[in-house]
Amino acid sequence: MDDPRILELRERRQRARLGGGEERIRRQHEKGKLTARERLEILLDAGTFQELEPFITHQGGDGMPVGEKIPGEGVVTGYGQIDGRTVYVYAQDFTVYGGTLGEMHSHKICRVMDLALRDGTPIIGLIDSGGARIQEGVKSLAGYAQIFRRNAQYSGVVPQISVILGPCAGGAAYSPALTDMIIMTEKTSYMFITGPEVIKTVTGESISQDVLGGCQVHMEISGTAHLAGRDERESLLLCRTMLGYLPSNNAENPPHFDSGDDPTRMDAALNSIVPLDPTVAYQMHEVIERVVDAGSFLEIQPLYARCAIIGLARIGGHSVGLVAQEPSVMAGVIDIDAADKIARFVRFCDSFNLPLVTFVDSPGFLPGIQQEHGGILRHGAKVLYAYSEATVPKISVITRKAYGGAYVVMSSKYLGTDINYAWPSAEVAVMGAEGAVNILYKSQIQQAADPEAERQRLVIEYRAQTGSPYRAAEAGFVDDVIEPRETRPKLIVALGAIREKIATNPPRKHGNIPL
Ligand code: HXC
């Protein structure tokens, strides 16, 4: 017969494991959702999860039922491993008071956040919560404040990733919004500050949870989410994949993986990928795929501001952050959303020692009243700021257009970029040849016997002389003009040379990036 004290421990553990009870677990499954513990099993390497504070309960009062104290307080916390590296985790348990956050729920989350900071490991939140627990009033609001403060203070020290696996309402949504990456789940995850009921009361508008704050909304319209899984399993596996590119903290370099892709591999198809006619588009995604280690490109925010591309990849086995324009979407123009997308990602990479590789093909900032009134100056300035302050190795490759503001903001030499390459198809100029010729040679064109023929002649001449990459190379604005097929080996050698570069910004408390 076992010692009764051991039996009591086992019984208490079992009760903690059941959270809100079998009936609520059944309802959770019926909605197509997993329990907090099932999720942790998928997220972490098998058998590595170590739980902390499983017996914590709410402290009663404030309308909380004193008799009903569910051990664990609606959140499972602890640590485990992903690909052999330690991470701290918290997984909200919707079966306990709807995963809502009260004082002790907050305490448990803050505890693992503090341990993650102390140990220099990522912190991952699995979110499934109705937000602030109504019964606990200000204790619950203060609990959120404690988490938000840690989110902000630990930002750039350890990676913070949020995986949204159910409702994420009110305060529950602001913590993810402060983290580095948000991974949503199709059909079952929602994020909003106020739900449909409140909106109906305040503004009279009727809207479903999905149309208000579903996965598609945050991936395509708001830009709040970075990646999406088709189901919970895929979302959790995406989190594992993402961490594979990142160091555990800002003092480490990202892990190296030998991808087996030959570092000297040249890709002949790249030599003819840019059409001779500058008005004809091509796919920058294809350029990226052909340059990086095979299959290593993890695009981030793929459906938001699609004229810009950001993502993680490996080049020669080393993680890099990739930034580019997609010329087949709005000609690769930089608008407000693209500027925000690029700037935040550049700062993320700089925080975690990910070298930046930038492919440039953009006609510039998007002209228009809406953009001007929407603050394109303020938003575009973020890109300038981010590239200028980034001290990680930076390499740029101008594939075609680098006109005006786009040349300057997209990792240009005097923003501190270490190595600048151009392809022979590059056009570096204040504006496109057509626009420039119309302004510079207006009267010459008007007076010509055949104005259109004269205009065409001038455009060709301008493009060959003024916008030519050799003009930029002659003046030292690009370091070399390379054959497109050489891009991969050139990048690998360059990244190897500058990986350990030492660069610092002037001492300061912190900068004041235009927000
Ligand atoms: C206390 C809550 C709760 C809450 C849900 N529950 N939300 N308890 N406080 N905020 C409880 C329910 O009473 C229920 O308990 C259980 O959780 C499951 O909830 P259901 O409504 O049955 O589930 P479902 O139909 O799936 O709907 C889930 C939901 C909905 C979409 C999250 O419950 C909802 O809209 N809740 C309110 C969300 C919200 O507005 N939160 C914002 C709070 S204000 P039982 O016992 O029946 O299982 C806030 C401000 C912070 O967060 C600001 C910081 C900046």
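These numbers come from a predicted model, not from an experiment.

Student: Would you take a moment to explain the site of the ligand for this structure?
Tutor: Neighbouring residues of the ligand: 20 residues in total, closest Arg24, Gly130, Ala132, Ile134 and Gly171. The separation between an oxygen atom of the ligand and a polar side-chain atom of Lys31 is 3.1 Å. A distance of 2.8 Å separates an oxygen atom of the ligand from a polar atom in the backbone of Gly171. Against a free-state accessible area of 1000 Å², the protein chains account for coverage of 57% of the ligand. The class makeup of the residues in the shell around the ligand is nine nonpolar, eight polar and three charged.

Student: Can you walk me through the nonpolar core in this structure?
Tutor: Soluble, globular proteins show a tendency: their nonpolar side chains are buried together. Counting residues in hydrophobic clusters, the biggest one holds 65 residues, and the most contacted among them are Leu43 and Ile124. No other element matches the eight residues that helix H12 (residues 336–351) contributes to this core. Apart from residues lying up to four places away in sequence, Leu43 is in contact with Ile82, Val89, Ile124, Leu126, Leu236, Cys239 and Arg240.

Student: Whenever I open this one, the side chain of Arg400 confuses me. Can you help?
Tutor: Note that Arg400 resides in strand S13 (residues 394–403). Arg400 gets classed as buried once you look at its relative accessible area, which sits at 4%.

Student: Please explain the pairing of strand S14 (residues 419–422) as it appears in this structure.
Tutor: Consecutive residues of a regular strand have side chains that alternate between opposite faces of the sheet. Of the two faces of S14, both are covered, the one formed by Ile419 and Tyr421 as well as the one formed by Asn420 and Ala422. Relative to S14, S13 runs parallel, the two being bridged by four bridges. If you follow Val397 over to S14, its bridge partner there is Tyr421. With helix H15 (residues 404–409) bridging S13 and its parallel neighbour S14, the resulting β-α-β unit is right-handed. Judged from the two bridges that link them, S14 and strand S16 (residues 480–481) form a sheet pairing that is parallel. When the bridges of S16 are listed, Tyr421 appears paired with Asp480.

Rules and cut-offs
Residues numbered from 1 in each chain as written. Predicted model: local features only at pLDDT ≥ 70, side-chain atom pairs only at ≥ 80, totals over all residues. Heavy atoms only, no water. Near = heavy atom within 4 Å. Polar contact = N/O pair within 3.5 Å; in protein donor to acceptor, adjacent residues only side chain to side chain. Areas by Shrake-Rupley, 256 points an atom, 1.4 Å probe, with all protein chains shown as cover. Nonpolar A, V, L, I, M, F, W, Y, C, P; charged D, E, K, R; others polar. Core = buried A, V, L, I, M, F, W, Y, C linked by side-chain atoms within 4.5 Å. Buried < 20%, exposed > 50% of the residue type's maximum accessible area, 1.4 Å probe, protein only. Helix = DSSP H or I, 4+ residues; strand = E, 2+ residues; numbered from the N terminus. Contact = heavy atoms within 4.5 Å. Pairing = 2+ DSSP bridges. Right-handed = clockwise from strand over helix to strand, strands pointing away.

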